[in-house]
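Take a look at the letters that make up each chain.
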Amino acid sequence: MRTTLAAVAAVGIAMLVGALAMLGFVERSLTAQVADSAEVRAAELIASPVSLSGVIGVIDPTEEFVQVVRDDEVIAASANVRGLPPLASPAPGEHVRLDQVPFTDAPFIVASLARGNLTAIVGRNIDDEVDARTTVRNALLFGVPALLVVVGAVTWWIVGRALRPVEDIREEVERISARELDRRVPDAPGDDEVTRLAATMNRMLDRLQSSQDRQRRLVSDASHELRSPVAAIRQHAEVASQHPDATQVDALATAVLEETDRLQGLVEDLLVLARLDEGGESAAAEVDLDDIVLAEAARLRRMTSIDVDTSGVGAGRVYGSAPALERVVRNLTENAVRYALGRVALGLTQADRRVILTVEDDGPGIASPDRERVLERFVRLDESRGRGTGGAGLGLAIVSEVTANHGGETTLGESPLGGLRVQVRLPAA
């Protein structure tokens, strides 16, 4: 409606200005033609002064009158104005309009031409010219509104046809609910803004559906993972309650603490992933990644007998969240230590404005088809599902998402040591 009204208003203003200009041009053009013919007639009269006496003949007394003036006295005139004073006295080369003359009510254009003491005054009827102007005016008076109606109808149809896909998109989006994110808006034909809007909407729905699927999978997997330590704690508590005499407090406390640690670690991982999904991180600053790697290596040497090689660790500074990067390094090293047979190698280099962190082990490694899959949440390979060795399948997923949030990438490959090689590439500070 707004587009149609704007188009009609714009065209209407343009046509109104054009109509007024046309009417003015028609009137001036027709009047100028009559005035020119009157001047020609006056020139003929002045050119033959012998005829300038008495009555001057005219072809049609209702269409023309003639007066010849000498020293302000009419010395000759056509019969229709005989005995009358000069009806008009336009300057030579100019003309005047008389809306009424003594012998008729029709309008006249009067021109004059002087030579010596003689002045010829000629008037011509412009009734036909006035009728022509009136005809043009009436045509415009009825034609312009009709044309505006046509412009409005065509604009309404064209704009409605162009915006119909937008309305279809709106109606489809209105029907899409959280349970129907698999629905998509109809694709508009062509390659214009509406087509790109439909494609953008469908990509947005793809992202929403993917996010919802991930959330549902996260809730389902988290529920499953949380159930195990909770069930184990409940089982130990029920056994202790049923058989208090046979319960050893140290063994019970140890079992409960192990399951509690497992539960606490899982909850912390879920909180980290939740913050990553929300885009929340600690304040970013320049971080010496080599300091974090060396500190983690020292911690591992105190806690395990695995050989931790840091000979490949060089200087590397990145810009990001120190706690998040510490978690990346810890998850990678703990994963390596968990599956290593006897050796873990840490490396840190900088090249082409990228800092490359490498963590390798001499364990069983991961088959090539599974390397991309283990970076997803709650994905665990068959050999790591045991409670003693396998985690919840969140460690590498956290590494991958933290790295991506820092503008980097995580890749898995085969280590020269025989096990898994994980590389994290981050932009250098």
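What counts, and where the lines are drawn
Residues numbered from 1 in each chain as written. Predicted model: local features only at pLDDT ≥ 70, side-chain atom pairs only at ≥ 80, totals over all residues. Heavy atoms only, no water. pLDDT = per-residue confidence, 0-100. Helix = DSSP H or I, 4+ residues; strand = E, 2+ residues; numbered from the N terminus. Contact = heavy atoms within 4.5 Å. Buried < 20%, exposed > 50% of the residue type's maximum accessible area, 1.4 Å probe, protein only. Pairing = 2+ DSSP bridges. Axes fitted to C-alpha atoms, helices over the stretch in contact; angles between N-to-C directions. Salt bridge = Lys/Arg side-chain N within 4 Å of Asp/Glu carboxyl O.

(A) The arrangement of the confidence of the model for the protein in detail. Scored by pLDDT, the protein has a mean of 83; 93% of the residues are at 70 or more. Mean pLDDT per element in the protein: helix 4 (residues 249-278) is the minimum at 77, and strand 11 (residues 354-361) is the maximum at 93. Segment residues 383-389: pLDDT under 50, and 11 contacts once partners within four positions in sequence are set aside and those in other chains are kept.

(B) Fine view of the environment of Val-194. If you trace the backbone, Val-194 turns up in helix 3 (residues 193-242). Remark: the alpha-carbon pair of Val-194 and Val-337, spanning 143 residues in sequence, is separated by 55 Å. Residues within four places of Val-194 in sequence aside, it is in contact with Ala-162, Pro-165, Val-166, Ile-169 and Ala-188.

(C) Focus on the pairing of strand 9 (residues 317-320). Side chains Val-318 and Gly-320 of strand 9 all project onto a buried face; the interleaved residues Arg-317 and Tyr-319 project onto a face where none is buried. As paired elements, strand 7 (residues 285-288) and strand 9 share 4 bridges and run antiparallel to each other. The residue of strand 9 that forms the bridge with Val-287 is Val-318.

(D) Local environment of the sheet that holds strand 8 (residues 307-313). Read across the open sheet, the 5 strands follow the order 8-10-11-13-12; overall the sheet is mixed. In the strand order of this sheet, the two ends are held by strand 8 and strand 12 (409-414), each with one partner. Averaged over all pairs of adjacent strands, the angle between strand axes in this sheet comes to 15°, irrespective of strand direction. Here strand 11 pairs with strand 13 (residues 420-427) via 7 bridges, running antiparallel. Bridge pairing in strand 13 links Val-355 to Leu-426. On the sheet, helix 7 (residues 395-405) packs against strand 12 and strand 13 and is oriented at approximately 135° with respect to strand 12.

(E) Broad picture of the environment of Thr-403. Its location among the elements puts Thr-403 in helix 7. Owing to a relative accessible area of 2%, Thr-403 belongs among the buried residues under this scheme. Along the backbone, Thr-403 and Val-328 are 75 residues apart, and their C-alpha atoms lie at a distance of 7.9 Å. Discounting chain neighbours no more than four positions away, the residues touching Thr-403 are Gly-408, Glu-409, Thr-410, Val-424, Arg-425 and Leu-426.

(F) Quick look at the pattern of salt bridges. Enumeration over the complete set of coordinates arrives at 21 salt bridges. Each of Glu-27, Arg-97, Asp-99 and Arg-133 takes part in one network of salt bridges that share partners.

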